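Fold and contact review
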Amino acid sequence: IGLNTNILFGLSGGTYSVAVSDVNTCLYAQTFSIAEPVQIASAITSSSDALCYGDCNGSATVSVGNGTQPYTYSWSTGGTDTVEVNMPGGTHSATVTDSIGCASVVNVTINEPAALTIDSSVAVNITCNGASDGTITITASGGTGIINYSIDGGSTYPSTTGIFTGLGAGFYNVSVQDSNGCTTTGSTLVIMEPVAVTISSEIATDATCNGANDGTI
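Residues numbered from 1 in each chain as written. Predicted model: local features only at pLDDT ≥ 70, side-chain atom pairs only at ≥ 80, totals over all residues. Heavy atoms only, no water.

Along the backbone of the protein chain there are 0 helices and 14 strands. Secondary structure elements in the protein chain, listed N-terminal to C-terminal, are β-β-β-β-β-β-β-β-β-β-β-β-β-β. In terms of overall size, the protein chain is more extended than a compact globule, its C-alpha atoms giving a radius of gyration of 40 Å where 217 residues would be expected to give roughly 17 Å. Across its three principal axes, the protein chain shows a C-alpha extent of roughly 165 × 25 × 20 Å. The proportion of buried residues among the 217 residues of the protein chain is 23%. Once local pairs closer than 6 in sequence are excluded, the contacts in the protein chain between residues at least 24 apart make up 47%. As presented, the protein chain carries roughly 13,700 Å² of accessible surface, and 53% of it is formed by carbon and sulfur atoms. (Helix = DSSP H or I, 4+ residues; strand = E, 2+ residues; numbered from the N terminus. Rg over C-alpha atoms; globule rule 2.2 N^0.38 Å. Buried < 20%, exposed > 50% of the residue type's maximum accessible area, 1.4 Å probe, protein only. Contact = heavy atoms within 4.5 Å. Areas by Shrake-Rupley, 256 points an atom, 1.4 Å probe, with all protein chains shown as cover.)

What follows is the structure, encoded as structure tokens:
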């Protein structure tokens, strides 16, 4: 290094030679080694994605090696342990710091499915008063896996096609659910029926003579 001093600061790990001479030019030399710990390293060992769009139920686990124990953990989502839970979708970071202040940062991406949305829901009225030939057709997209459809507000999800037939007049509450159990509630559809046909009066007039064809109703 070539410094004329008996104290050196800020040295990195490595081997250094020190030479000391007196006024008589007597020389004394010695070699010193400054050790340093192996660089701290961290890694994400496992993670799980959010189940539904907008959920905060993802998780991740960070592991660490080298450095100097003990370690402290700091997640960008607020956690301070090796395992972080209740994570939203997105890219997050974990910072692991050892006891002498050396740090390692690692990122993890928590995925989330597309939003489960109801694209359309159409009701067709019944044809006659008292009939049960109304229909409802629902289309939906997003979510995970197969989408199931409900017209009773989510009490049951009996259809994977979104087509309901043989319906009577009434109110129907639309809901859809994907394979992860994520649900979206739609509108309330009304199937109407026409007014019942009624006979308001009946008048009959008899034929005038036997065999005549002049009676009326």
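This part takes up the environment of Thr109. Counting through the fold element by element, Thr109 comes out in strand β8 (residues 103-110). Using a relative accessible area of 42% as the deciding quantity, one classes Thr109 as partly exposed. Considered as a pair, Thr109 and Gly186 are 77 residues apart in the sequence and their alpha carbons are 31 Å apart. With residues up to four places along the chain from it excluded, the contact list for Thr109 reads Asp49, Gly90 and Thr91. Within the local environment of Thr109, its side chain forms a polar contact with the side chain of Thr91, the two groups lying 3.1 Å apart. (Polar contact = N/O pair within 3.5 Å; in protein donor to acceptor, adjacent residues only side chain to side chain.)

Before going further, it helps to spend a moment on the sheet that holds strand β6 (residues 83-87). Read from one edge to the other, the open sheet built from 3 strands follows the order β3-β4-β6, with strand pairing classed as antiparallel. Whereas interior strands pair on both sides, the edge strands pair on one side only; in this sheet they are β3 (41-48) and β6. Between one strand axis and the next, the sheet turns by 20° as a mean value, whatever way the strands run. Bridge count for strand β4 (residues 58-65) against β6 is 3 bridges, and the pairing is antiparallel. Bridge pairing in β6 places Ala60 opposite Glu84. (Pairing = 2+ DSSP bridges. Axes fitted to C-alpha atoms, helices over the stretch in contact; angles between N-to-C directions.)

Here the focus is a nonpolar patch on the surface. On the surface, a cluster of nonpolar side chains totalling about 380 Å² of accessible area is made up of Val18, Val20, Tyr28 and Phe32. Listing elements by their share of the nonpolar patch, those giving two or more residues are β1 (14-21) and β2 (27-34). Among the secondary structure elements, Tyr28 is positioned in strand β2. (Patch = residues over 30% accessible without salt bridge, like charges linked within 9 Å, V, L, I, M, F, W, Y side chains within 5 Å. Salt bridge = Lys/Arg side-chain N within 4 Å of Asp/Glu carboxyl O.)

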